[in-house]
Amino acid sequence: METQFLKWLLPQLNKDHRLEVLPGDDAAVLRFPGGKRTVVTTDLLTESVDFRFSKSSADNDFPPPASAHQVGRKAVAVSLSDLAAMAATPEAIVVSVALPQNGGRRLAEELFKGIQEEVNTFDITLAGGDTNAWDGPLVISVTAIGSILPRQCWRRDTAQAGDFLIVTGPLGGSLLGRHLNVTPRCREATAIASRYPVHAALDISDGLAIDCGRMLTASHVGGTIELDLVPIHPDAISLSEVPHTNQITPLEHAMQDGEDFELLLAMPAEAAQALVQDDPSSLVAKTTMQPRIIGKVTESLDFCSTTPDGQTKRLEPKGFEHVFQ
Ligand SMILES: [Mg+2]
């Protein structure tokens, strides 16, 4: 029952300086210091589309099943990743769930533990939410609220010809399990924003090729990705060897796989070179970030890839898209 669940849940939520009105009222009242702007984003995850709990009938059991704890963490992490893409500091989340009527309570408790883990990791507050039940699978939506000083927000539509393109880590093969253990680049984004000029940014959620295409199109520019510079995650190599999956190369995985949640940045050339030479742990302690230059923004509107032998090809913006009619 919702009332009993809330009776269990609400006392566990910390009092927080950002909450003028505590969770349990009709709405949260948030207060941010110093005239900061509010950044808001939302993301919705659906069982069997974004994750699955049970083992698949396929004999290789791919992609791996998720625990409710992992789903709770991931639901928060993917929304925080969108805040990172704007260089906003995460402050609060509100969480809505549609729980299956059977076993919903136990599921909600496990989800909450995962949510709470991310709340603690990123020092944010769980400001409220909604709990529904139905005869369908689990649906969870996390709205994340961040803060940023005026005019310091990154955006995707302001890349400039001559900018270098940077990714913050190796790509591809996330479906082997990294997609259930997402590390949003929030601290890295705010640290980079405080030290370097960044003209445009987004988080790679649907695949490098499609997301880079989105940035270039939004900015009314083109770009070239040098294929031998794209950092390939070891998982992309492993995944290309898994039977019964799309047999594509590790590079194709790095270019097209979704759910890496690394950042793609367009930066002035000199700043880009300084960033990749900088020690990442001097920016953020214990970060796993490995920034790499992968290409350039061009005035010509074409989106291309080049190979070391000098061949240039038009790049298909392939990646993950939800399909509906
Ligand atoms: Mg995004």
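Reading the values: the criteria
All chains use their own residue numbering, which begins from 1 and follows the written sequence. Given that this is a predicted model, residues contribute local features only at a pLDDT of at least 70 and side-chain atom pairs are listed and counted only at 80 or more, while totals for whole chains, interfaces and linings are drawn from all residues. No hydrogens and no water enter the side-chain calculation; it runs on all heavy atoms of the structure. Strands are runs of DSSP state E lasting at least 2 residues, helices are runs of H or I lasting at least 4, and numbering of each runs from the N terminus. Contacts are assigned to residue pairs that have any heavy atoms within 4.5 Å of one another. Two strands pair under a simple rule: DSSP has to find at least two bridges between them. Structural elements are reduced to axes, namely lines fitted to C-alpha atoms, with helices fitted over the stretch in contact, and the angle between N-to-C directions of any two is expressed from 0 to 180 degrees. Angles below 35 degrees are treated as roughly parallel, those above 145 as roughly antiparallel, those between 65 and 115 as roughly perpendicular, and all remaining angles as oblique. Take the far helix as the reference: if the near one is turned anticlockwise from it by less than a right angle, the crossing is left-handed, and if turned clockwise, right-handed. For this classification, the nonpolar set comprises Ala, Val, Leu, Ile, Met, Phe, Trp, Tyr, Cys and Pro, the charged set comprises Asp, Glu, Lys and Arg, and every other residue, Gly included, is treated as polar.

### Details of the environment of His179
1) Next: Examined against the element boundaries, His179 turns out to sit in the loop between β7 (164-167) and α4 (186-195).
2) Next: Separated by 116 residues in the primary sequence, His179 and Pro63 place their C-alpha atoms 9.6 Å from one another.
3) Next: Setting aside its immediate chain neighbours within four residues, His179 contacts Pro63, Pro64, Lys74, Ser174 and Glu259.

### A few points about the sheet that holds strand β8 (residues 200-203)
Two modes of strand pairing occur in sheets, parallel and antiparallel, and in both the strands are linked by backbone hydrogen bonds.
1) Next: Pairing within the open sheet is mixed, and its 7 strands lie in the order β8-β10-β7-β11-β9-β12-β13. With partners counted over all chains shown, the strands left at the sheet margins are β8 and β13 (312-314), one partner each. Along the sheet, successive strands turn relative to each other by an average axial angle of 25 degrees, direction set aside.
2) Next: Pairing of β7 with strand β10 (residues 263-267) involves 4 bridges; the strand directions are antiparallel. When the bridges of β10 are listed, Val167 appears paired with Leu264.

### A closer look at the packing of helix α1 (residues 2-9) against helix α3 (residues 104-121)
Each pair of packed helices can be summarised by the angle the axes make with each other and by the distance between the axes.
1) Next: Taken N-terminus to C-terminus, the directions of α1 and α3 make an angle of 25 degrees; their axes are 11 Å apart at the nearest point. It follows from the interaxial angle that α1 and α3 lie roughly parallel. Crossing handedness for the pair α1 and α3: right-handed. Within the contact between the two elements, α1 uses Gln4, Phe5, Trp8 and Leu9 and α3 uses Arg105, Ala108, Glu109 and Phe112.
2) Next: Along the lines of polarity and charge, the residues of the contact of α1 with α3 split into 5 nonpolar, 1 polar and 2 charged.

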